[in-house]
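Structural characterization, general
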Amino acid sequence: MSFLQPAGQVIDLGVNIDHIATVRNARGTTYPDPLRAALLAEQAGADLITLHLREDRRHIKDADVLALRPLLATRMNLEAAVTREMIDFACQVKPQDVCLVPERREEVTTEGGLDVVRYYNEVEAAVKQLKEEGIRVSLFIDADARQIEAAAAVGATVIELHTGRYAEAEGNEVAHELERIKLGVHEGAKRGLRVNAGHGLHYTNVQPIAAIPDLHELNIGHAIVAHALFAGWENAVREMKAIMVAARLGVSYAPKAGA
Ligand SMILES: CC(=O)[C@@H](O)[C@H](O)COP(=O)(O)O
Ligand SMILES: NCC(=O)COP(=O)(O)O
C-alpha cells in the first residue's frame, strides 16, 4: 500500500521498465538493472510492473522477465505480441497479467492498438491458452467501439486503451481524443471489462486521463524514465502516482520543485 493511496485502490500505476533496459543495452553493461528499478518502483508506490518483451528484444530480454517474475511483491504485466513464441513464453513465465499488443519490427514504438476484429481467431486462441494457465489477459486496443466489442467477445476480461493519439494530439484535437478515450472507458465498463490505459502519458497529459472514472490502471514508462534522469527514479514514480491519485480525487497537486 503506497503512503499516497487512500483506503482502497483509487487508480493503479503500472510502471513500465522497458527503457531502463534501453539504457543498459546501449553499452551492453549490466547496469542500470531493470530488476532493481522494478523493486524500487514498487517501494515508491507502483501498483504493478509492466514490461514489453518485443520480438527483437531491443530492450527487455527473456532473462529479465524470468528473473523478475519471482521477485515482484506486486504483480507483473507482461506485454507481448500474438505469436506462438510469445504466448508459449508467457505460459512458461505465468505472470499475473499478459497484455497482448501489436508489433511491427520496424516501428519506433507501439503505433496503434491490436486489431482484434481482423485477427479475431488468432487472438481468441491466444486468450484461451493464456487463461488456461490462470493468466489474466488484457488487449491493447484503440478506443474504438468495434474493437472493444470484439475484445469482450474474444474472452478478454481487461482492455488497455491506447492513449498515443491523445498524447500526440495538438490544439483542438486534444479534447477530441480525450473524449474518444472517455467514451471507450464507458463502452468497456458497460461490457463488464476492466479498463486500463497507456502509451505516451507524461506528468501533465496524465491528469485528464487519470480523472476518468471507471479507469482502473495506467501503464506509464518512457516519461517516468525520462523524468528520473533529473528527479531520481523513486521520486519520479512517487510523483506520477501522486499526480494520478490527486487527479482522480479532484484535488490539486503541485509537485515541489525537483521532486
Ligand atoms: C504497448 C506500449 O504502449 C508500451 O509497451 C510501449 O510499446 C513501450 O515500449 P516501446 O517504447 O518499445 O514501444
Ligand atoms: N502500455 C503502455 C506502457 O506500458 C508504457 O508506454 P509508455 O509510457 O512507455 O509510452
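All figures in this text were calculated on a predicted structure; none of them were measured in a lab.

Some points on the pattern of salt bridges
The final tally for this structure, using the stated rule, is 21 salt bridges. Between E107 and R54 there is a salt bridge whose closest N-O contact spans 3.0 Å. Here E107, found in the loop between β4 (97-100) and α5 (120-132), pairs with R54, found in the loop between β2 (48-52) and α3 (62-68); they are 53 residues apart in sequence, far enough to count as distant. When sorted by exposure, E107 lands in the same class as R54, which is buried. One salt bridge connects E85 with R57, and the closest N-O pair in it is separated by 2.8 Å. Linking E85 in helix α4 (residues 84-93) with R57 in the loop between β2 and α3, this pair joins segments that are 28 residues apart in sequence. According to the relative accessible area criterion, R57 is buried, its value standing at 16%. Shared partners join several salt bridges into a network, and the residues in it are D12, R75, D97, R136, R194 and E217.

Overview of the site of ligand 2
Taken together, N16, T50, E79, F140, E160, G198, H199, G200, N219, I220, G221 and H222 form the complete shell of residues around ligand 2. For ligand 2, a nitrogen atom lies 2.8 Å from a polar atom in the side chain of E79. In the model, a nitrogen atom of ligand 2 is placed 2.6 Å from a nitrogen or oxygen of the E160 side chain. In the shell around ligand 2, the residues fall into 2 nonpolar, 8 polar and 2 charged.

Comments concerning unusual backbone geometry
Residues Y31 and P32 are joined by a peptide bond in cis, for which omega reads -15°. Note on placement: P32 falls in the loop between α1 (18-27) and α2 (34-43). Even without a glycine there, the phi angle at R57 is positive, about 50°. At D214, a position not held by glycine, the phi torsion is positive, near 75°.

So, the UniProt feature "binding site: 3-amino-2-oxopropyl phosphate" (unreviewed entry) in the chain
Feature annotation in UniProt places "binding site: 3-amino-2-oxopropyl phosphate" (unreviewed entry) on N16, R27, G200, G221 and H222, given in this structure's numbering. These annotated residues cover 207 residues of sequence, and their C-alpha atoms sit far apart, with the largest distance between any two at 25.3 Å. With respect to the helices and strands, R27 occurs in helix α1. Within the secondary structure, G200 is located in the loop between β7 (194-198) and α9 (206-210).

Description of the UniProt feature "site: Transition state stabilizer" (unreviewed entry) in the chain
Residues annotated by UniProt as "site: Transition state stabilizer" (unreviewed entry) correspond here to E160. With respect to the secondary-structure elements, E160 resides in strand β6 (residues 158-162). Residue class for E160 comes out buried when judged on its relative accessible area of 2%. The residues touching E160, leaving out its near neighbours within four places in the chain, are N77, E79, C99, S138, L139, F140, I141, N196, A197, G198 and N219.

Scoring rules and cut-offs
Residues numbered from 1 in each chain as written. Chains lettered and ligands numbered in written order. Predicted model: local features only at pLDDT ≥ 70, side-chain atom pairs only at ≥ 80, totals over all residues. Heavy atoms only, no water. Salt bridge = Lys/Arg side-chain N within 4 Å of Asp/Glu carboxyl O. Helix = DSSP H or I, 4+ residues; strand = E, 2+ residues; numbered from the N terminus. Buried < 20%, exposed > 50% of the residue type's maximum accessible area, 1.4 Å probe, protein only. Near = heavy atom within 4 Å. Polar contact = N/O pair within 3.5 Å; in protein donor to acceptor, adjacent residues only side chain to side chain. Nonpolar A, V, L, I, M, F, W, Y, C, P; charged D, E, K, R; others polar. UniProt positions renumbered as here; feature names shortened; annotations may be inferred. Contact = heavy atoms within 4.5 Å.

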